[in-house]
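So you can see what is in the structure, the chains are spelled out below.
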Amino acid sequence: MTFPTWVLAGFWGLVSGSALLVGAALGYFAQVPQRLIAAIMAFGSGVLISTLSLELMEEAYEKGGLNSTAAGFVGGAAVYTLANWLLARSGAKHRKRSGQEQAQERSSVQQNNAKDGAEADNGMALAIGALLDGIPESIVIGLSMLAGGKVSMVAVVAIFLSNLPEGLSSAAGMKKAGHSARYVLLLWAGIALISGVASLIGYTLFSGFSNEVIAATMAVSAGAVLAMIADTMIPEAFEEAHNFTGLITVLGFLVSFFLSKMG
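Residues numbered from 1 in each chain as written. Predicted model: local features only at pLDDT ≥ 70, side-chain atom pairs only at ≥ 80, totals over all residues. Heavy atoms only, no water.

*Asks:* Looking at this model, I keep getting lost on the confidence of the model for the chain. Mind explaining?
*Replies:* As a note on interpretation, predicted positions should not be read in detail where pLDDT is low. Per-residue confidence for the chain averages 80 on the pLDDT scale, and 84% of its residues sit at or above 70. Confidence drops under pLDDT 50 across residues 116-121; counting only partners more than four residues distant or on other chains, this segment forms seven contacts. (pLDDT = per-residue confidence, 0-100. Contact = heavy atoms within 4.5 Å.)

*Asks:* What is the right way to read the environment of Phe11 from this model?
*Replies:* Position of Phe11 relative to the elements: it lies in helix H1 (residues 5-29). Once the C-alpha coordinates of Phe11 and Ser199 are considered, the two residues, 188 residues apart in sequence, prove to be 8.3 Å apart. (Helix = DSSP H or I, 4+ residues; strand = E, 2+ residues; numbered from the N terminus.)

*Asks:* Please explain a nonpolar patch on the surface as it appears in this structure.
*Replies:* Together, Val197, Ile201, Leu205, Phe209 and Val213 make up an exposed nonpolar region whose accessible area comes to about 410 Å². Relative accessible area serves as the criterion here: at 38%, Ile201 is assigned to the partly exposed category. (Patch = residues over 30% accessible without salt bridge, like charges linked within 9 Å, V, L, I, M, F, W, Y side chains within 5 Å. Areas by Shrake-Rupley, 256 points an atom, 1.4 Å probe, with all protein chains shown as cover. Salt bridge = Lys/Arg side-chain N within 4 Å of Asp/Glu carboxyl O. Buried < 20%, exposed > 50% of the residue type's maximum accessible area, 1.4 Å probe, protein only.)

*Asks:* What should I look at first to understand the UniProt feature "transmembrane region" (unreviewed entry) in the chain in this one?
*Replies:* Here the UniProt-annotated "transmembrane region" (unreviewed entry) positions come out as residues 6-29, 36-54, 66-87, 139-161, 181-206, 213-235 and 241-259. Between the end C-alpha atoms of residues 6-29 there is a gap of 35 Å, over a span that is 100% helix and 0% strand. Secondary structure within residues 241-259 divides into 84% helix and 0% strand; the distance between the first and last C-alpha atoms comes to 25 Å. (UniProt positions renumbered as here; feature names shortened; annotations may be inferred.)

*Asks:* Is there a simple way to explain the packing of aromatic side chains in this structure?
*Replies:* Any two aromatic rings considered together are summarised by their centre-to-centre distance and by the angle between their planes. All chains considered together, the criterion is met by four aromatic pairs. When the ring of Tyr28 is compared with that of Phe29, the centres are 5.2 Å apart and the planes differ by 65°; the resulting orientation is edge-to-face. Taking the relative accessible area as the measure of exposure, Tyr28 reaches 11% and is therefore buried. Look at Phe29 and you get exposed, because its relative accessible area is 51%. Aromatic pair Phe257 and Phe258: ring centres 6.2 Å apart, planes at 50°, arrangement tilted. Given the relative accessible area of 47%, Phe258 is considered partly exposed. Against the face of Tyr28 rests Lys175, its NZ or CZ located 5.4 Å from the ring centre. (Phe/Tyr/Trp six-rings, centres within 6.5 Å; stacked < 30°, edge-to-face > 60°. Lys NZ or Arg CZ within 6 Å of the ring centre and 35° of its normal.)

*Asks:* So what exactly am I meant to see when it comes to the packing of helix H5 (residues 153-176) against helix H6 (residues 181-204) here?
*Replies:* In the contact formed by H5 and H6, the axes pass within 10 Å of each other and the chain directions differ by 155°. Between H5 and H6, the angle falls in the class roughly antiparallel. Two packed elements cross with a definite hand, and for H5 against H6 that hand is right-handed. Contacts from Gly167, Ser170, Ala171 and Met174 in H5 reach Val184, Leu187 and Trp188 in H6. Among the residues forming the contact of H5 with H6, the class breakdown is five nonpolar, two polar and no charged. (Axes fitted to C-alpha atoms, helices over the stretch in contact; angles between N-to-C directions. Parallel < 35°, antiparallel > 145°, perpendicular 65-115°, else oblique. Left-handed = near helix turned anticlockwise from the far one by under 90°. Nonpolar A, V, L, I, M, F, W, Y, C, P; charged D, E, K, R; others polar.)

*Asks:* Mind showing me how you'd approach the packing of H5 against helix H8 (residues 245-262) here?
*Replies:* If you want to describe how two helices pack, look at the angle between their axes and the distance between the axes. Interaxial distance between H5 and H8 falls to 9 Å at its minimum, and their mutual angle equals 160°. Of the possible angle classes, the one that applies to H5 and H8 is roughly antiparallel. Viewed along their axes, H5 and H8 form a crossing whose handedness is right-handed. Residues Val154, Val157 and Ala158 of H5 lie in contact with H8, whose contacting residues are Ser256, Leu259 and Ser260. In the contact of H5 with H8, the residues fall into four nonpolar, two polar and no charged.

So this is what it looks like as structure tokens:
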């Protein structure tokens, strides 16, 4: 049975996004050492950096040239940085941290809200932050199918491998901050579903656009993802793995490089 390409785009987005839920369940219910979480985060960072370099930016350059690629890349990073800054002010600065940072941040937000007569904490900011981190990656999968109707399995595997430690680390921190299992799992299940929708949109929305627009969009996603890695994933990895962070990141890059050549 042959499925329409847009269905496949949504399916592969959901597959890659499901790693967030798997990682969240492991992070919440399993006693995973923080150093192991950091190592997995560093490995996932290397995988994503390799994918950005060898898949997204190369294809964006071939489709639209240097101007569209450069503008999109810097623009994506700038938009992500601005949104991340605003979220940090709302209590989602440490959303990927597995230690006590989320608990301290939540306590600070609650104290500030109490002064203002409000009861809400940083739960909504955490949810929006998870969306901010996950959507650019998922759109990439849909965009990868525009060329020949086939998904880039390297992109799917890379995003899956990077999503696993993201969900794991964030959920571990959310648990220490006092968020319930129901809240954490529903949050990441929702993000996984939205990842599928974002991948579907990445394919259907841009299928009729010019190569220059597609190239710029791919570069925007790449810039946003790279900014996310630098702002949230690498700091968490270095916090625990310290001097081994660089080596583990390189190994992740190498695995993704091999996958791209085998594909």
